[in-house]
Amino acid sequence: MKNSFKDTIEFVGLSYKKEILKIVLINIASLGGIAILYFVFDYFIYVIVAAIALMAIDYLLLSRYKDKKNLILKAREDELIAIISYFEIYLQNKNNVYQSFNLLIPFCSSWMKDKIETFLKEIDKDKTVQPFINFANNFKHLASHSLMLSIYQMVEQGESFEQLTQFNVIYDELAKNRNKELIEQKERSLANMSTFPLAGAGLITVTLTISILSLLGDLINVI
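Bear in mind the structure is a predicted one, so any value in this text is a computation, not a measurement.

What follows is about the overall build of the chain. Counting its regular elements, the chain contains nine helices and zero strands. For the chain, the N- to C-terminal ordering of α and β elements is α-α-α-α-α-α-α-α-α. Among the 223 residues that make up the chain, the fraction classed as buried is 27%. Contacts in the chain between residues far apart in sequence, at least 24 positions, make up 55% of those at least 6 positions apart. Carbon together with sulfur atoms contributes 65% to the accessible area of the chain, which is approximately 14500 Å² in total.

And the structure:
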């Protein structure tokens, strides 16, 4: 679990030690604030509310790394779909597979540029399907492998009408699946937003209940 969490932090380009230190300092400062609230106001309700708030903050701090990672992965999938559309245009303009990938580089992000350059270097040394598989492994979508295998077949059999048709079918399927994922993601996001008012109402109810019990306790002590 620790290694997975560390890998996630480093994946998004952050320092694992600095982020852990930041989280620890926030918790120490928050616990110190909770202690001050308790000793100054002498109400246990403040401690409970502050502790719940601290747990919520910790959850947000820890989950944001995974959220950033997912955003990066989705952006890479989207970029692949975008550049492959340019790749198709280059093929139609009578460029071969190697030339078409090379022409994509100026339109790529730094990450994608590095992966394509590595891919082309591997092709120079290895004429098997392995470089295509290695490139597809940079993406989580299974259709990416089918797409790269289709492109490899073009290298082996030439950019014939049949090969281009097969490539177009796989590419359209990849784009369609990505659009479906985006729609489902939006629906999940809207569904999650509907739970926020319920959570807020629940927290208010708990706070009011504890406050009432504390007041009743004070009244009993006075009587």
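Notably, lysine 94 is not glycine yet its phi reads approximately 75°, a positive angle. As for its position among the elements, lysine 94 is in the loop between helix H3 (44-92) and helix H4 (97-104).

Moving on, we come to the packing of aromatic side chains. Inspection of the entire model under this criterion finds eleven aromatic pairs. Considering the side-chain rings of phenylalanine 87 and phenylalanine 101, the 4.7 Å spacing of their centres and the 45° angle between planes classify their relative orientation as tilted. In this pair, phenylalanine 87 sits in helix H3 while phenylalanine 101 sits in helix H4, placing the two residues 14 residues apart along the sequence. Residue phenylalanine 101 is classed as buried on the basis of its relative accessible area of 0%.

Ranked by size, the top nonpolar core spans 33 residues in total, and within it Phe87, Phe101, Met112 and Ile116 carry the most contacts. Secondary structure elements with two or more residues in this core: H3, H4, helix H5 (110-125), helix H6 (130-136), helix H7 (143-157) and helix H8 (161-193). When residues of this core are assigned to their parent elements, the largest contribution, seven residues, is made by H3. With sequence-adjacent residues up to four places away left out, methionine 112 is seen in contact with Arg76, Glu79, Leu80, Ile83, Phe135 and Phe139. Ile9, Tyr16, Ile23 and Tyr65 belong to the second-largest nonpolar core, a separate cluster that totals five residues.

Time to look at the side chain of asparagine 27. Inspection of the secondary structure assignment puts asparagine 27 in helix H2 (residues 16-41). Residues in contact with asparagine 27, not counting those within four places in the same chain, are Leu54 and Asp58.

Here we come to the confidence of the model for the chain. Looking at the chain, pLDDT values average 79 and 71% of them are 70 or higher. Ranking the elements of the chain by mean pLDDT puts helix H9 (residues 195-222) last, at 60, and H5 first, at 94.

Here we take up a nonpolar patch on the surface. A grouping of Leu21, Val24, Leu25 and Ile28 is seen on the molecular surface, where their side chains present a nonpolar patch of about 370 Å² in accessible area. By the element assignment, leucine 21 lies in helix H2.

Now for the environment of tyrosine 152. Note that tyrosine 152 resides in helix H7. Using a relative accessible area of 16% as the deciding quantity, one classes tyrosine 152 as buried. Along the backbone, tyrosine 152 and phenylalanine 132 are 20 residues apart, and their C-alpha atoms lie at a distance of 6.8 Å. Here tyrosine 152 is in contact with Lys127, Thr128, Val129 and Phe132, once residues within four sequence places are set aside.

Scanning the entire structure with this criterion turns up two salt bridges. One salt bridge in this structure joins arginine 64 and glutamate 19, with 3.0 Å as the shortest N-O distance. With arginine 64 in helix H3 and glutamate 19 in helix H2, the pair connects residues that are 45 residues apart, well separated along the chain. Judged by relative accessible area, which is 24%, arginine 64 ranks as partly exposed. In this structure glutamate 19 comes out as buried when scored by relative accessible area, which is 6%. Overlapping salt bridges bring together Glu19, Lys22 and Arg64 as one network.

Quick notes on the rules
Residues numbered from 1 in each chain as written. Predicted model: local features only at pLDDT ≥ 70, side-chain atom pairs only at ≥ 80, totals over all residues. Heavy atoms only, no water. Helix = DSSP H or I, 4+ residues; strand = E, 2+ residues; numbered from the N terminus. Buried < 20%, exposed > 50% of the residue type's maximum accessible area, 1.4 Å probe, protein only. Contact = heavy atoms within 4.5 Å. Areas by Shrake-Rupley, 256 points an atom, 1.4 Å probe, with all protein chains shown as cover. Phe/Tyr/Trp six-rings, centres within 6.5 Å; stacked < 30°, edge-to-face > 60°. Core = buried A, V, L, I, M, F, W, Y, C linked by side-chain atoms within 4.5 Å. pLDDT = per-residue confidence, 0-100. Patch = residues over 30% accessible without salt bridge, like charges linked within 9 Å, V, L, I, M, F, W, Y side chains within 5 Å. Salt bridge = Lys/Arg side-chain N within 4 Å of Asp/Glu carboxyl O.

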